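Structural overview
As a plain string of letters, each chain reads:
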Amino acid sequence: MLAFAAAVLFVIAFIINATETSTEAVFSPTSLMLVGLALLALHSGGMGAAWSARGKGRGRRR
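The notes below deal with the structure included here. As the structure is a computational prediction, the values presented were derived from the model and not from experiment. (Residues numbered from 1 in each chain as written. Predicted model: local features only at pLDDT ≥ 70, side-chain atom pairs only at ≥ 80, totals over all residues. Heavy atoms only, no water.)

So, the overall build of the protein
Along the protein, the regular secondary structure elements total three helices and zero strands. The buried share of the protein, taken over its 62 residues, is 16%. Across the protein, the fraction of contacts at a sequence separation of at least 24, relative to all contacts at a separation of at least 6, is 55%. Approximately 5,100 Å² of the protein is accessible, and the part contributed by carbon and sulfur atoms is 66%. (Helix = DSSP H or I, 4+ residues; strand = E, 2+ residues; numbered from the N terminus. Buried < 20%, exposed > 50% of the residue type's maximum accessible area, 1.4 Å probe, protein only. Contact = heavy atoms within 4.5 Å. Areas by Shrake-Rupley, 256 points an atom, 1.4 Å probe, with all protein chains shown as cover.)

Here you go:
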């Protein structure tokens, strides 16, 4: 889930950069890419994967 959010932020940052749209400092392509990298770091650290991995093993116990 966090990786999808990061991908969306990267696409938005790319569109802003490609069209050379002038935006506020908060929504600059660099700041959006840094937030995207932070989300990818959280996903790589196991935060995004832990939410869906917990429920998979419970149905197979006998």
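Section: the nonpolar core
The biggest cluster of nonpolar side chains holds seven residues, and these are Leu 2, Ala 6, Leu 9, Ala 13, Ile 16, Leu 32 and Leu 39. Elements represented by at least two residues in this core include exactly helix H1 (2–19) and helix H2 (29–44). In terms of residues, this core owes the most to one element, H1, which gives five residues. Not counting the four nearest positions on each side in its chain, Ala 6 is found in contact with Gly 36, Leu 39 and Leu 40. (Core = buried A, V, L, I, M, F, W, Y, C linked by side-chain atoms within 4.5 Å.)

Thoughts on H1
Helical geometry note: an α-helix holds 3.6 residues per turn, so side chains three or four residues apart project in the same direction. With 18 residues, H1 ought to run about 26 Å at 1.5 Å a step, and its terminal C-alpha atoms sit 26 Å apart, in line with that. Every buried residue of H1 is accounted for by Leu 2, Ala 6, Leu 9, Ala 13 and Ile 16. Along the axis of H1, the buried positions cluster into a sector of 90°, meaning they face one direction only. Residues Phe 4, Phe 14, Ala 18 and Thr 19 are exposed on H1 and point more than 90 degrees away from its buried face. After H1 finishes, the residue Glu 20 shows a positive phi value of roughly 55°. (Expected span 1.5 Å × (residues − 1). Arc of directions from axis to C-beta.)

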